[in-house]
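Inside the fold
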Amino acid sequence: MLASIPAVYVAPFDRAWRNRELIRAVVRRELISRFSGSALGPLWAVLAPLFMLLTYTALFSITVPQLSAGVTVTDYASSIFIGLIVFNLFSELAYRAPMLLHEHVNFVKKSIFPSETIAWTATIRAFTYAGVAFAVYIVFRLLTAGSIPPTIVLAPFLIAPFFLFMLGVVWFLMALGAFTRDVAHIMASVVPMLMFATPIFYRIDQIREISRSAAVWLRFNIVGDYIEMLRDLALDGNMPNIFAYLGIVAVSYAVFIGGYQFFMRYKSVIVDVI
Amino acid sequence: MSSEFAIRCGGVGKAFQLYAHQNDQLKQILFGLWKKFYREKWVLNDVNFTVQRGERVGIVGRNGAGKTTLLQILCGITQPTKGEFEIEGRIAPILALGSGFDGLLTGRENARIGAAILGLSRKEVDACIEDIAAFADIGPFFEQPMRIYSVGMIARVAFAICAHAQADVLIVDEALSVGDEIFQKKCENYISEFAKTGTILIVSHSLEFLKKLCTRVLWLENGVVREIGDPAKVIAHYRAAMKAEQGQKIAWR
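Below, the structure is looked at part by part. (Residues numbered from 1 in each chain as written. Chains lettered and ligands numbered in written order. Predicted model: local features only at pLDDT ≥ 70, side-chain atom pairs only at ≥ 80, totals over all residues.)

Residues and elements named next belong to chain B. Read from one edge of the open sheet, six strands run β5-β6-β7-β3-β8-β9, paired in mixed fashion. Strand pairing shows two members of the sheet lacking a second neighbour, β5 (91-94) and β9 (224-229), which therefore form its edges. Recorded for the sheet is a direction-independent mean angle of 15° between the axes of neighbouring strands. Relative to strand β6 (residues 169-173), β5 runs parallel, the two sharing four bridges. (Pairing = 2+ DSSP bridges. Helix = DSSP H or I, 4+ residues; strand = E, 2+ residues; numbered from the N terminus. Axes fitted to C-alpha atoms, helices over the stretch in contact; angles between N-to-C directions.)

Turning our eyes to something else, we now look at helix α6 (residues 181-195) of chain B. Residues and elements named next belong to chain B. Between its terminal C-alpha atoms α6 stretches 21 Å, which fits the 21 Å expected from 15 residues at 1.5 Å a residue. Along α6, the residues that are buried comprise F183, K186, C187 and I191. Here the buried residues of α6 occupy an arc of 135° about the axis, which is enough to place them on one side. Opposite the buried face of α6, at more than 90 degrees from it, the exposed residues are E181, I182, K185, N189 and E193. (Expected span 1.5 Å × (residues − 1). Buried ≥ 20, exposed ≤ 12 C-beta atoms within 10 Å, placed from the backbone. Arc of directions from axis to C-beta.)

Moving on, we get to the nonpolar core. Within the largest apolar cluster, 144 residues are counted, with the highest numbers of intra-cluster contacts made by V170 and M174 of chain A. With 17 residues, the top contributor of residues to this core is helix α8 (residues 156-179) of chain A. When residues of this core are sorted by domain, at least three fall in each of domain 1 (1-89 + 169-178 + 197-253) and domain 2 (97-167) of chain B. Ignoring any residue separated from it by four or fewer positions in sequence, one finds V170 of chain A in contact with L93, A97, A119, A122 and T123 of chain A. (Core = buried A, V, L, I, M, F, W, Y, C linked by C-beta atoms within 7 Å. Domains from an automatic or database assignment. Contact = placed C-beta atoms within 7 Å.)

This part covers the sheet that holds strand β4 (residues 82-87) of chain B. All names here are of chain B. One open sheet holds the three strands; their spatial order is β2-β1-β4, and the pairing between them is antiparallel. On the outer flanks of this sheet lie β2 (38-52) and β4, each paired with one strand and no other. Pairwise comparison of adjacent strand axes, ignoring direction, gives a mean angle of 25° for this sheet. Inspection of the sheet shows strand β1 (residues 5-19) paired to β4 by five bridges, in the antiparallel sense. Bridging from a neighbouring strand, G10 pairs with E84 of β4.

Here we come to the packing of α8 of chain A against helix α12 (residues 222-236) of chain A. All names here are of chain A. Where α8 meets α12, the closest approach of the two axes is 11 Å, and the angle between their N-to-C directions is 165°. By the criterion of interaxial angle, the relationship of α8 to α12 is roughly antiparallel. As α8 packs across α12, the resulting crossing turns out to be left-handed. Between α8, through L158, F162 and F165, and α12, the contact on the second element is made entirely by I222, Y226, M229, L230 and L233. The class makeup of the residues in the contact of α8 with α12 is eight nonpolar, no polar and no charged. (Parallel < 35°, antiparallel > 145°, perpendicular 65-115°, else oblique. Left-handed = near helix turned anticlockwise from the far one by under 90°. Nonpolar A, V, L, I, M, F, W, Y, C, P; charged D, E, K, R; others polar.)

Turning to unusual backbone geometry, a few remarks are in order. All names here are of chain B. Despite not being glycine, D137 shows a phi value in the positive range, around 55°. Judged by C-beta crowding, with 15 C-beta atoms within 10 Å, D137 ranks as partly exposed. Within the chain, N222 stands out as a residue other than glycine whose phi angle is a positive 50°. Mapped onto the fold, N222 is located in the loop between β8 (216-221) and β9.

Rendered as structure tokens:
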């Protein structure tokens, strides 16, 4: 059954499966070491998104800017929160990825460590935190709105391709970052720019009312598409456009495979340059 | 049987790319097809040898002769520029003791990760973690964060992990000199014990130890195999060469 699929499309999964024990051990280490030495420990994973959510709700219940016109304060805060969960996930990895190999230089140069698994552990870690934040969102939504749309059960179908997309991005940035430290600086200026080109504080529909062409351009931002679709499922209870969905799944998969191949191609060179 | 080899190295060579500028590396990736941005430095050139299963081969050579690079290639950490090599069985490299540890985690947690890197499954780790603790023999420190360890204690944990990796081929790079006498003795005992069943490739500057342990010694000089064979003979030649050079250097002054 699997034999009919060309090896190139499953190679990354095959490698990860063979190293699953290692990935699990390193993810465990990263999760433990992030909170070891703090009194509240893992509670911070819940508290950080909770404070963020409360801040935005408070802010917008006082100011209620034009952007939130037509929706209630909690709806608007929820909408922003979903946007921020996804975008923070993206920006955390985009900032960290170029430095990942430098951080793990001892692993890479002095032990038989399969360096491509670093992308898996970093991405799994980031998704774990985002998952906790998403759980906070669900509780918040249940408390303030009293119900949550049933379409939320489809969220994993969005999260899985987004995970692959981020893995591809991390592999690509990791390899580039090993050759020149400029990549980290570039990300530091590009990510804030991207933040405003992503529908976090607004929604694509609102842009469309102002300018149709701008809305079309914004659709090219994959992260924004994921945010909009997640809002459809977890906030509005709408089904996303199936063609748009299949489109971003295809693009995400291409990024995933492309990033992996890029990394593996330069893997042997990277050991000598970092 | 003579046909059962553990390590086979055929014409292995390694050239490092020396860049005048850090960013030339990126330029090389982008425009490498049109222009060369680096100078080549061959640290290994046409290295040929075969190690039979159960052999204990020592490697000697001065600093910069390519010993560590050769071991790194055999472990699969870096790739040879030319030539090919084969290794039969699972390898446990003891290259730089304790380099991959996280200071915030306890010795036990680090040992679990270290064992996973060497390819042990969780079940296997569960089975041998107590043995690792006993071998490292650092008492209650095993449950403490590693940042408070001394260098020797880190080395103990690192060696204990490798000793329990159930490897077929042990690749050791001059790393045993940090432990105290008791632990060094323990390591040497372990290596001698391992030698009964497995294959060993060991780099060391303690020539007496190699003479005692090894069945053959390989002398690496300027990236090529200068001599390989009976330990006593090769080491004697190596010593003579070192001495002659020392004499020359003194004479120049």
